[in-house]
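Residue-level structural notes
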Amino acid sequence: MTRLLLVRHAVTSENNSNRFWGSTDLPLSQTGIEQAGRLRERLATERIDTIYSSLLSRSRTTAEIIASSHGLGIYARSELNECDFGEAEGLTFDEINARFPGLADALLGDDTATRFPGGESLLEVFARVGRFREELDDHGADSTICIVGHGASLQTLICHLLGVPPGHWRQFCLQRGSLSIIETYPGGAVLAGLNDINHLEGVD
């Protein structure tokens, strides 16, 4: 069995603005740093062999704080980056609706092929995350791997691991600072925990 600890990065100062932040390299807020510390405490007694993160600092910093109690380095992978929202980066949904009406309609439906102008489609995110998924096969069957990423990258990774079509990615709700656990076996994968945020109790 390979045990995968999926962590969505902690919060940034922009996470309450209801804007689409993807490729913008936002740092963690002070609350986010505290959340990452709670994740470190939550995972301190876990055996972790390898830690991956995206290239973006909100993910890397979260991963580095977790890794500090295990003496591990971080393997950064661009495949784990958040969706690139292109010209919609930094906009609210209402602003996207006004500027790109067809795109707004696609976001409300299950269309995964529509690309953000100058950015990516969800299907493209799914494809690049699939390349990272293949890398996981290089680890031993008894490994425990911590993967720190973003909403879209982790939700599509869960789809890959469970054999779920990418159009269902939104059904796996992952809050910032959350922990999800997937156990993989030769016959398939088991979702052992989803969106655990108990360790964040009391963090404002």
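Details of the structure are given in the entry above.
To start, this report covers the structure provided alongside it.

Scoring rules and cut-offs
Residues numbered from 1 in each chain as written. Predicted model: local features only at pLDDT ≥ 70, side-chain atom pairs only at ≥ 80, totals over all residues. Heavy atoms only, no water. Axes fitted to C-alpha atoms, helices over the stretch in contact; angles between N-to-C directions. Helix = DSSP H or I, 4+ residues; strand = E, 2+ residues; numbered from the N terminus. Parallel < 35°, antiparallel > 145°, perpendicular 65-115°, else oblique. Left-handed = near helix turned anticlockwise from the far one by under 90°. Contact = heavy atoms within 4.5 Å. Nonpolar A, V, L, I, M, F, W, Y, C, P; charged D, E, K, R; others polar. Pairing = 2+ DSSP bridges.

**As for the packing of helix α1 (residues 30-43) against helix α2 (residues 57-67)**
Close contact between α1 and α2 brings their axes to 8 Å; oriented N to C, the two are set at 40°. Between α1 and α2, the angle falls in the class oblique. Of the two possible hands of crossing, α1 and α2 adopt the one that is right-handed. Seen from α1, the contacting residues are I33, A36, G37, L39, R40 and L43; seen from α2, they are T62, I65 and I66. In terms of residue class, the contact of α1 with α2 is made up of 6 nonpolar, 2 polar and 1 charged.

**Observations concerning the sheet that holds strand β5 (residues 179-185)**
Within a sheet, adjacent strands bond to each other through the backbone by hydrogen bonds, running parallel or antiparallel. With respect to topology, 6 strands assemble into an open sheet ordered β3-β2-β4-β1-β5-β6, the strand pairing being mixed. A strand with exactly one partner marks an edge of an open sheet, and here the two such strands are β3 (75-76) and β6 (188-196). Sheet topology places strand β1 (residues 2-8) next to strand β4 (residues 144-149); 6 bridges connect them, and they run parallel. What sits directly across from L4, in β4, is I145. Its contacts with the sheet put helix α6 (residues 151-162) on β1, β4, β5 and β6, and the angle it makes with β1 is roughly 155°.

**Topic: the packing of helix α5 (residues 122-136) against α6**
The N-to-C vectors of α5 and α6 enclose an angle of 65°; their axes lie 9 Å apart at closest approach. Seen along the crossing, α5 lies across α6 with a hand that is right-handed. On α6, the residues that touch L122, V125, F126, V129, G130, F132 and R133 of α5 are A152, S153, T156, L157, C159, H160 and L161. Of the residues contributing to the contact of α5 with α6, the split by class is 9 nonpolar, 4 polar and 1 charged.

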